[in-house]
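Now for the letters of each chain:
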Amino acid sequence: MIKITDLEKYYSTEEVRTIALNGLSFKVKEGEFVAVMGPSGCGKSTLLNILGLLDEPDGGSFLFNGIEVAGFNERKRSNLRKHNIGFVFQSFNLIDELTVFENVELPLIYTGVKSADRKERVNEVLERMQIMHRRKHFPQQLSGGQQQRVAIARAVINRPKLILADEPTGNLDSSNGNEVMELLTELNDAGTTIVMVTHSEHDAKYSHRIIRMLDGQKVTENVLADFKGI
Amino acid sequence: MLGNLINIAVRNIRKNQGYSILNITGLALGITSACLIFLWVENETNFDSSIPDQERVFYVPINQKYKGEWQTFHASPGPLAAALKKEIPEVNKAGRLVNANLLFKVGDNIINSNGHYADTDIFEIFGLSFIEGNAKTAFENLNSIVITEETAEKLFGTVEGIVGKSIFVNNSPPLQISGVIEDSPANVTYKFSWLCPFQHYSKENSWTQTYDNNFVDTFVKLIPGADRIAVDNKVRDILPLLTQDNKQEAFLHSSKDWHLRSKFQNGVIVGGAIEFVQLFSLIAIIILLIACINFMNLATARSEKKANEVGVRKALGSSKKILIAQFLTESMMTASMAAGVAVLLLYLLLPYFNNLVERDLTIGFNEPAHLIFLIGITLVCGIFAGLYPAFYLSSFKPLDIFKRINKPGGSAVSLRKGLIVTQFIFSIVFIISTLIVFLQIQHIKSRDLGFNKENVVQIPVNGNIIKNYNSIEEDMFALGLVQNVSMNSSEIFSSGSNGSGLSWQGGIETEDVLIRYRWITSNFIETLGMEIVEGRNFSNNSRNDSLNIIITQSFAKLMGPGSAVGRIVTADKNYTVIGVVKDYVYGDIYGPSQPVMFLSGLDEASFLYVRLKPGIPQGMVLGSLQKVLKRHNPAFPFEYTFVDRVFQTKFKREILISKLSQIFALIAILISCLGLFGLSAFTAEQRKKEIGIRKTLGSSVLNIWRLLFQEFLFLILIAIIIAVPIAYLLLSQWLQGFAYRIDMNFWVFIIAGAIAILIALLTISFHAVKAAKNNPSNNLRTE
Ligand SMILES: Nc1ncnc2c1ncn2[C@@H]1O[C@H](COP(=O)(O)OP(=O)(O)O)[C@@H](O)[C@H]1O
Ligand SMILES: [Mg+2]
């Protein structure tokens, strides 16, 4: 599903030029659950942003479902993104001014789903994430675990093939964190490909494979479980 | 302490350069506008203030009763001044002025000069100061003349040593200079260039001695401490007493009101130019308000970003007072910088402004009033703009901010919105006004005047023109360049002479109707392209028509049903109506046409009208006309104007208002947009994370732009809804002042609203599109 080759990304500020990704290559197969680990600042978020088509690479190739997307313009990226990719962030990134329901509904609006269908699908997902009773609340009125469940609900509402999660348990205590990991595993079991950045060896164990990075490069890969594909 | 405050203020202004530039520019524009308007208002309100003891100096107009209503005239009978001085002990000085044009000759130097015949008291009433000679002896000799420095320079090229010298005058004995006075200041109602003894004029014109003719300007100066109202009552009694006619009265018009309050209705002051002074003062205040609102909005918006900092400071024990002082220092510094920029702009723009308002305004920092105004306005703006943000921000409670219980800004956000709405209400009212004033001017410009104003030259009649008229006419026709030549006793657009007490067949209560009359030559009606709707024109031989008249339609209407031709109008003699012409516009060009009767004759002529053949270069024709006149009237310089140009001067004031309202509307909108620009930047910044999230989830650039714009669009729609009725009321009142006016058109409001929305749209789009185009990953890097 994902094949990146020699991916490069630089950040230039006034004084320094930071190399965030330095010739990174790997593949992710459809249905796989991959964890990306590495010290802070090694380029994990940058990688995820590029995989999520939120940012463009400065060099290398990125094949998404066999299509080269490295040179895509904003409109094409946006189109591909909203139909195929869901995001879960460490800091949840919910919109404070919108209710739980409205937050989850948003991706459906952008993909042009009709109002009646939207309601049904949002309710269904909220039910699955067990936050139906909170659907009229605003994000600040929820606990961290609940907020992350809303974020996951929003990430899956469009039934994406790929979910990108950047330290999804980073702001949660261990029991809430485990709950989130259970949810991600369930989604993966149902066939969704997942790439997750994490600091936690414990969380990484939920995945099939761990990619370890340092200074924008891959250092090792551990295969934890036999991935048979789907 | 103060040093520290200023230090931090300077750092803040620097750190937020973008916002500071918006604030300073807005305020500078506001202060500049206010200062320009102030200079103009100061000039207007100081009119005639150079007259010594201004509060004791009065003009004496005459009220006359027509159809039960007083009409006020600026002319009084010759003997009135002396009578006032004799009968009313409080009248200390009384003098008359009569305007006159004389052709002066000194050596080869010939100038046509407009000046006055005057009584000796005039020198003291107007406080004219003599450089040479003195008021007492100036008019001892009937053939003496007092001239101003400017006239002296023109005639002699010097001011010195000219007393006793002679000035030659066309068709009369030479005048001997008995004194030189200082030039009149620019802002006075009555300007002098020369003065001759009134008797010099009246000895030749015996009718000046009676109460039957109103033709002089009468002025009085009261004794110190006189009770103005009591004196005014005595003045009002004097004409009925002396003439046994209680349908007219004289009264006092203070020199303080000459310039600004000189519009009379039914005998009382109802306003005048003061309305413009008030209007533009109001506009100045509104523009400043709009500029201050920018500061308030941007400062509170920005301060929310600093809410945390304030929380920390307060937690660390900073007192509310220091925080308030901090904010006020910043706003005062901003206002001071704006004032600095404004002073530069003022010096830059004043010449253009002077040109526009046709004044010679100057900025004088040695003039306390100017300095006080500038400092005052800076202080007021600084305090007004800074006070609200200061109290608002210093009232943040540290705990609330940290816990984010109350998101900071609730009340400030709604106030901010209210203030934007306020700015746009003003801007939209300005836009609508500009459009309506413009349309009204277009409307009057294209009014059907009842004659063709294009291509007609108007030449003042002087010297031998009347005597040589036949040859002049002949020579002009011989040029082959002119279509028609004629004369009129009045200027085509002026109200001219009038009389009442006439009677005519078919008329009721005719004595009270004011009829305008003009003497014309037979070609006049054709020259101006007037239309005879009934009867015939005068014949070429004016003697045949000496008892015939032509009247306008509105006069014919007063004769009741049936044809007016053949009816008799009785004035000094019985006149027969031989023709009726279509009504034409004169006097108040916005008003309905008042009845006119034309008599045949050229002895009274004061203007020559020449219609040029179309399509011939005017420069060429004028040169030829000049040659003809030089031949038959060699003593006088050739002067001319075009009738359509005279027409343009009739709505000079409206054009000035139009220009000023355009300029100030533009400034108001510009300042409002600066604020909107800053706020949209702020909103885009504030919603950066949300925009990032939305884009991550697949929102398009258009979606984001709409999201940001919607917020402001709503405010502007509210502003339109409030502004439209306000503008409607104000402008229909303004239009009421014109009898000939446009109807309020609904689409004017729609266009104004559309302009406001469009301008706001462009302003906001800059930041909205920028924010929307940003890579979402940049916006989300907030962790
Ligand atoms: N927008 C940016 N501007 C400048 N430098 C950046 C930006 N984003 C990331 N970086 C730098 O790129 C490197 C990789 O960052 P990131 O991908 O966020 O690391 P990680 O998520 O692994 O902690 C870091 O050195 C970081 O400082
Ligand atoms: Mg990271």
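Conventions and cut-offs
Residues numbered from 1 in each chain as written. Chains lettered and ligands numbered in written order. Predicted model: local features only at pLDDT ≥ 70, side-chain atom pairs only at ≥ 80, totals over all residues. Heavy atoms only, no water. UniProt positions renumbered as here; feature names shortened; annotations may be inferred. Salt bridge = Lys/Arg side-chain N within 4 Å of Asp/Glu carboxyl O. Helix = DSSP H or I, 4+ residues; strand = E, 2+ residues; numbered from the N terminus. Buried < 20%, exposed > 50% of the residue type's maximum accessible area, 1.4 Å probe, protein only. Contact = heavy atoms within 4.5 Å. Buried area = accessible area lost by both parts, 1.4 Å probe. Core = buried A, V, L, I, M, F, W, Y, C linked by side-chain atoms within 4.5 Å. Domains from an automatic or database assignment. Polar contact = N/O pair within 3.5 Å; in protein donor to acceptor, adjacent residues only side chain to side chain. Axes fitted to C-alpha atoms, helices over the stretch in contact; angles between N-to-C directions. Parallel < 35°, antiparallel > 145°, perpendicular 65-115°, else oblique. Left-handed = near helix turned anticlockwise from the far one by under 90°. Nonpolar A, V, L, I, M, F, W, Y, C, P; charged D, E, K, R; others polar.

The name that an unreviewed UniProt entry assigns to chain B is ABC transporter permease, with the source organism given as Aequorivita aurantiaca. Listed under Subcellular location (unreviewed entry) in UniProt, the entry text for chain B is "Cell membrane".

Looking at an unreviewed UniProt entry, one finds chain A named ABC transporter ATP-binding protein, with Aequorivita aurantiaca as its source organism.

This paragraph deals with the pattern of salt bridges. Under the defined criterion, the tally for this structure stands at 29 salt bridges over all chains. One salt bridge in this structure joins Glu690(B) and Arg694(B), with 2.8 Å as the shortest N-O distance. Residue Glu690(B) and its partner Arg694(B) are located together in helix α21 (residues 688-696), separated by 4 residues, close to a single helical turn. The class of Arg694(B) is buried, set by a relative accessible area of 9%. Salt bridges sharing common partners tie together Glu32(A), Arg209(A), Lys218(A) and Glu221(A).

A few words on the interface of chain A and chain B. Contacts between the two partners involve 22 residues from chain A and, on the opposite side, 16 residues from chain B. Between chain A and chain B lies a buried interface of about 1,900 Å² when both sides are counted; carbon and sulfur atoms form 52% of it. The largest share of the area that chain A buries against chain B comes from Leu54(A), Asn93(A) and Tyr110(A), three residues that together contribute 30% of it. At the boundary of chain A with chain B, the tally comes to 0 salt bridges.

Now for the environment of Leu84(B). Residue and element names in this part refer to chain B. Turning to its location among the elements, Leu84 is positioned in helix α3 (residues 80-87). Residue class for Leu84 comes out buried when judged on its relative accessible area of 0%. Here the alpha-carbon distance between Leu84 and Gly95, two residues 11 residues apart in the chain, equals 9.8 Å.

A separate point is the environment of Ser699(B). Here Ser699(B) is to be found in the loop between α21 and α22 (701-736). Classification of Ser699(B) as buried rests on a relative accessible area of 1%. Those residues within four positions of Ser699(B) in sequence are excluded, and the remaining contacts are Ser78(A), Tyr110(A), Arg694(B) and Ile704(B).

All names here are of chain B. Using the residue numbers shown here, the UniProt feature "transmembrane region" (unreviewed entry) corresponds to residues 21-41, 279-301, 322-350, 370-393, 414-439, 663-684, 712-734 and 746-769. End-to-end, the C-alpha atoms of residues 370-393 are 35 Å apart, and along that stretch the chain is 100% helix and 0% strand. With 100% helix and 0% strand, the stretch residues 414-439 has end C-alpha atoms that lie 37 Å from each other.

The subject of this paragraph is the nonpolar core. Residue and element names in this part refer to chain B. Within the largest apolar cluster, 76 residues are counted, with the highest numbers of intra-cluster contacts made by Ile432, Phe451, Ile492, Phe493, Met530 and Phe598. No other element matches the 13 residues that α22 contributes to this core. Taken domain by domain, the makeup of this core includes at least three residues from each of domain 1 (1-47 + 267-408) and domain 3 (456-649).

Further remarks concern the side chain of Asp55(A). Its place among the elements puts Asp55(A) in the loop between α1 (44-51) and β4 (59-64). One polar contact links Asp55(A) to Lys9(A), side chain to side chain, over a distance of 3.4 Å.

Attention shifts here to the packing of helix α20 (residues 652-686) of chain B against helix α23 (residues 746-773) of chain B. Residues and elements named next belong to chain B. Running from amino to carboxyl end, α20 crosses α23 at an angle of 25°, the nearest separation of the two axes being 9 Å. It follows that α20 is roughly parallel to α23 by the angle criterion. For the pair α20 and α23, the crossing hand works out as right-handed. On α23, the residues touching Ile669, Cys673, Leu676, Phe677, Ser680, Ala681 and Ala684 of α20 are Ile759, Ala760, Thr763, Ile764, Phe766, His767 and Ala771. When grouped by side-chain class, the residues that make up the contact of α20 with α23 number 11 nonpolar, 3 polar and no charged.

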